[in-house]
Amino acid sequence: MTEDLPLGHPAQEPDTATEARVQARVTATVARRRARRRALTTLPVIVVVALVVVAVANTVDDNTGKDRRVVTAGPGAGELAFAPDVEWDSAVLSADGKTLTVTAGRVLHDSRRCQLKVLHDVVQTDDAVTIGLKDATAPEEADAAARVCEEMYTPTVVRVPLDEPLGDRAVFDGVRTKARTVLRLADLVQVTYVPAGFTTNPDDIAAGDSNVQQTYKADGADWYFAVNETKDTAPTDLPGATSTPIMVNDIEGVRITGQMNNTMESIRFPLGERTVTVWGEMQGPPTFTHSDELLKIAQGIRLSETDAKNPASVTTSVPEKATPTTGAPDKTAPDPADCPGPKGSSTDLEGQPDWTSDGYHSWMDRSGCLVRVDVLTDGPGPAHCGYEAADVLWVGDKLGERYRTDEVQELSYVRDPEGVFDLPAVTAAFDPDATLPNAAADTGYHRDGIALHVDPADPSAIWLAYPDGHVERWPLADLPPCA
Amino acid sequence: MTSPRAFDEEFPELLRVAYRAAYRITGEPTAAEDAASEALVKASLRWGRISERAGPWVVRVASNLAVDHLRRTARRNRFTRDRSDLSPDEHRCTIDLHRALKTLSKRQREVVVLRYFGDLSEAEIAAELGLAPGTVKSHASRGLAALRLLLEDRPVPSALQPEAR
């Protein structure tokens, strides 16, 4: 007998159902592995070598590997905790390079099996990252899953944190040996006009093999909208669709009405090599009532900076490590003078306070346009109060709107590791090596390679992702007065 | 020699000991089932070599897989909050156990896991790991004492730390 420990979990025996399940599983797995061993040992050595070379080179899909458990996706790859059986096509890489988001199940107009529940596991090596997905939909739920997929768009989005920034490592799905496409947020079309209150986050981005969808939602809104971009495939519409011509800026497009019993409306237009569809759907009322907003969103769509330089990059890009700059404008960004926003917008710089001369920094929005400092800025604490060793980031409680107004209050987030503000809780809450929380969203605001992330449900902190991959958490603080 | 029939005969007992060890480590039926299944697959494929000591062998493999699961879970939990399948106490237990096991040396951890989670005797562990019984006893007592202190958040005396062996 062993001692009774104050740790671990109480003993539990497998029940008869478990025993039957494991027996079937072991029998099937053993048979499969033996068959694979036999197949390999009967092949001439040269063929085996050739297969390995092909697998490592990732030049073809190996559909025969669907049931394997050992993943040979890259040199040194380890084992996933299960045999992956769900294919995925594209992964979206977060701004800090440390989170991949993959989409399982039916994506947009792709036809494939649906899942209600998906397990995931990841193997990370110096050369490759393999994200395996396994369908964990219970058999009794399979009919429901199929019905849900039939009736609506229901991807399963899985966020996978990485131990280190992805860098130039290839990414695999554990089912096929061909490397999957990795999309950077900056590679997607940029949504520069977003109605007040609407936000998106990595979980709202679904990527298929030839299409990507960014979805925006707002608490309490009676509608939501999404931006789809496709290449090489023609988008299809739902029953009832009627198209009429519409101009989006100077581009000929179409407005599509009548879908989903008139609760849905789309604007579609070509942009570079892509076809962009901006669509909205009502949550409640029977008829779509946000046509004007939808057009504004469509007019604000821009090609990514990367795509402007390399039109093919949207499907083939591999992220590169960003390098910090020293306050100089981003080389790939448009000249801020070329993109002042509409009067009163966050990028309308006319009449903005002259705070940059005091050391406060200007930030840019997702499209590279300068943002007013009274919308977002950061800088050292006031020197005349002895606070210069701390840094403070100011932003409105309504992100993207000017603060210090009747409607928008300013929030201050603080980096004070030395405790100059004498706020121990704030000093303790600063994390110089933080991890982006699950719900954190890239706001698109950036300066010098630093990206601002927020958790819409948690205003108690912001997260800054730096070009070298590290992330800092700055807590919200009520700063002491400093006249 | 390989004997599928013998494996089949021993299957229920092997599953029981493998599942039991994995469950005590993970506290998750699904994870325990996964670990036990994989251990039994490996056992079946190597039956000719391990059939004489199949019990300790599958406990060892299942335990290692369960500890791997803890490691992955702990890593994943840094990023996700979705642990709805575990109660707060179970969740804390899993995390604490992972942290505590991490502090032990590899050999100490193996012995502790097999002794106190796998319910193997010191003689079985000695045979399985190729150690002298006295060494197993020493690893087990030191590892257990260190674990207890760690789980109670008390400093671990240097004599109990891995490098003091």
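Keep in mind that this is a model prediction, so the values were computed, not measured.

**Some remarks on the overall build of chain A**
Check the secondary structure of chain A and you find seven helices and 25 strands. Long-range contacts, defined as pairs at least 24 residues apart, comprise 58% of the intrachain contacts of chain A with a sequence gap of at least 6. Of the roughly 22,900 Å² of accessible surface on chain A, a fraction of 53% belongs to carbon and sulfur atoms.

**Side note on the overall build of chain B**
Looking only at helices and strands, one finds eight helices and zero strands in chain B. In chain B, the succession of α and β elements from N to C terminus is α-α-α-α-α-α-α-α. A burial count over chain B gives 54% of its 165 residues as buried. Total accessible area computed for chain B in this model is approximately 7,600 Å², and 49% of it derives from carbon and sulfur atoms.

**With respect to the packing of helix α6 (residues 106-117) of chain B against helix α7 (residues 122-129) of chain B**
Residues and elements named next belong to chain B. Taken N-terminus to C-terminus, the directions of α6 and α7 make an angle of 135 degrees; their axes are 10 Å apart at the nearest point. In terms of axis orientation, α6 runs oblique to α7. Two packed elements cross with a definite hand, and for α6 against α7 that hand is right-handed. Along the contact surface, α6 presents Arg107, Glu110, Val111, Leu114 and Arg115, while α7 presents Glu122, Ile125 and Leu129.

**Comments concerning the sheet that holds strand β19 (residues 376-380) of chain A**
All names here are of chain A. One open sheet holds the three strands; their spatial order is β19-β20-β21, and the pairing between them is antiparallel. The open sheet terminates on both sides in strands that have one partner only, identified here as β19 and β21 (410-415). Adjacent strand axes in the sheet meet at a mean angle of 20 degrees, parallel and antiparallel pairs treated alike. Where β19 meets strand β20 (residues 391-396), five bridges bridge the pair, whose relative direction is antiparallel. In the strand pairing of β20, aspartate 378 is matched with leucine 393.

**Some thoughts on the sheet that holds strand β12 (residues 242-248) of chain A**
Sheet strands pair via backbone hydrogen bonds, and the direction of the pair is either parallel or antiparallel. All names here are of chain A. As summarised here, the arrangement of the seven strands in space is β9-β10-β11-β15-β14-β13-β12, forming an open sheet in which the pairing is antiparallel. Looking at which strands have only one partner, the edges of the open sheet turn out to be β9 (205-207) and β12. Taking the axes of each pair of neighbouring strands and ignoring which way they run, one obtains an average angle of 20 degrees across the sheet. With respect to the sheet, helix α4 (residues 291-299) is in contact with β11 (223-230), β12, β13 (251-259), β14 (264-271) and β15 (274-282), its orientation differing from that of β14 by roughly 20 degrees.

**Considerations on the nonpolar core**
Within the largest apolar cluster, 53 residues are counted, with the highest numbers of intra-cluster contacts made by Val26(A), Phe7(B), Ile25(B), Leu40(B), Val58(B) and Leu101(B). It is helix α1 (residues 4-26) of chain B that contributes the most residues to this core, eleven residues altogether. When sequence neighbours within four positions are dropped, the list of residues in contact with Leu101(B) reads Val67(B), Leu70(B), Arg109(B), Val113(B) and Leu147(B). Counting 21 residues, the second largest nonpolar core, distinct from the first, contains Phe198(A), Ile246(A), Val278(A) and Ala298(A).

**Structural notes on the confidence of the model for chain A**
Residues and elements named next belong to chain A. Of the residues in chain A, 70% reach a pLDDT of 70 or more, and the chain-wide mean stands at 72. No element of chain A has a lower mean pLDDT than helix α6 (residues 313-316), which averages 26, and none a higher one than α4, which averages 92. When the criterion is pLDDT under 50, residues 106-112 qualifies, and its contacts beyond four places in sequence or with other chains add up to 26 contacts. A low-confidence stretch, residues 306-333 (pLDDT under 50), is modelled with 49 contacts involving residues beyond four sequence positions or located in other chains.

**Quick word on the side chain of Gln190(A)**
Residue and element names in this part refer to chain A. Along the polypeptide, glutamine 190 turns up in strand β8 (residues 190-191). Using a relative accessible area of 5% as the deciding quantity, one classes glutamine 190 as buried. Polar contacts involving the side chain of glutamine 190 include one to the main-chain carbonyl oxygen of leucine 188, which spans 2.4 Å.

**What about helix α2 (residues 29-45) of chain B?**
End to end, α2(B) covers 24 Å across 17 residues, agreeing with the expected 24 Å (1.5 Å per residue, within 8%). Here α2(B) lies mainly inside the structure; 14 of its 17 residues are buried.

**Notes on unusual backbone geometry**
Phi at Asn249(A) is positive, roughly 55 degrees, even though this residue is not glycine. Positionally, Asn249(A) belongs in the loop between β12 and β13. Phi is positive for Asp119(B), close to 60 degrees, though the residue is something other than glycine. By the element assignment, Asp119(B) lies in the loop between α6 and α7. The class of Asp119(B) is partly exposed, set by a relative accessible area of 29%.

**Some details on the pairing of strand β10 (residues 211-216) of chain A**
Residue and element names in this part refer to chain A. In terms of residue burial, β10 counts as a mostly covered element, since six of its six residues are buried. Residues Asn211, Gln213 and Thr215 of β10 are buried on one face, and the alternating residues Val212, Gln214 and Tyr216, pointing to the opposite face, are buried as well. As defined by bridge partners, β9 adjoins β10 across three bridges and the pair is classed as antiparallel. Paired with alanine 207 across the bridge in β10 is valine 212. Where β10 folds back on β11, the antiparallel hairpin that results is connected by six residues, among which glycine 220 adopts a positive phi of roughly 80 degrees.

**As for the confidence of the model for chain B**
Residue and element names in this part refer to chain B. A residue-level look at chain B finds 71% of positions with pLDDT of 70 or above and a mean pLDDT of 75. Averaged pLDDT values for the elements of chain B fall to 60 in helix α5 (residues 88-103) and rise to 89 in α2. Low pLDDT (under 50) marks residues 88-92, which in the prediction has five contacts with non-local residues, meaning those over four places away or in another chain. Segment residues 154-165: pLDDT under 50, and 24 contacts once partners within four positions in sequence are set aside and those in other chains are kept. Across the predicted assembly, pTM comes out at 0.37 and ipTM at 0.76.

**Some points on the environment of Glu281(A)**
Tracing the sequence through the fold places Glu281(A) in strand β15. Reaching out from Glu281(A), the side chain makes a polar contact with the side chain of Tyr224(A) at a distance of 2.6 Å.

**A word on the pattern of salt bridges**
One side chain can pair with another of opposite charge once the charged atoms of both are near each other. Applying the stated criterion across every chain yields a total of 23 salt bridges over all chains. For Glu229(A), the salt bridge identified is with Arg274(A), shortest N-O distance 2.6 Å. Of this pair, Glu229(A) sits in strand β11 while Arg274(A) sits in strand β15, placing them 45 residues apart in sequence. Residue classification places Glu229(A) among the buried positions, given a relative accessible area of 4%. Classification of Arg274(A) by relative accessible area gives buried; the value is 2%. Of the charged contacts in the structure, one is a salt bridge between Glu110(B) and Arg107(B), with a shortest N-O distance of 2.8 Å. Remark: Arg107(B) and Glu110(B) occur in helix α6; sequence separation between them is three residues, near one turn of the helix. By sharing partners, the salt bridges in this structure join Glu13(A), Glu13(B), Arg16(B), Arg20(B), Arg24(B) and Asp119(B) into a single network.

Analysis parameters
- Residues numbered from 1 in each chain as written.
- Chains lettered and ligands numbered in written order.
- Predicted model: local features only at pLDDT ≥ 70, side-chain atom pairs only at ≥ 80, totals over all residues.
- Heavy atoms only, no water.
- Helix = DSSP H or I, 4+ residues; strand = E, 2+ residues; numbered from the N terminus.
- Contact = heavy atoms within 4.5 Å.
- Areas by Shrake-Rupley, 256 points an atom, 1.4 Å probe, with all protein chains shown as cover.
- Buried < 20%, exposed > 50% of the residue type's maximum accessible area, 1.4 Å probe, protein only.
- Axes fitted to C-alpha atoms, helices over the stretch in contact; angles between N-to-C directions.
- Parallel < 35°, antiparallel > 145°, perpendicular 65-115°, else oblique.
- Left-handed = near helix turned anticlockwise from the far one by under 90°.
- Pairing = 2+ DSSP bridges.
- Core = buried A, V, L, I, M, F, W, Y, C linked by side-chain atoms within 4.5 Å.
- pLDDT = per-residue confidence, 0-100.
- Polar contact = N/O pair within 3.5 Å; in protein donor to acceptor, adjacent residues only side chain to side chain.
- Expected span 1.5 Å × (residues − 1).
- Salt bridge = Lys/Arg side-chain N within 4 Å of Asp/Glu carboxyl O.

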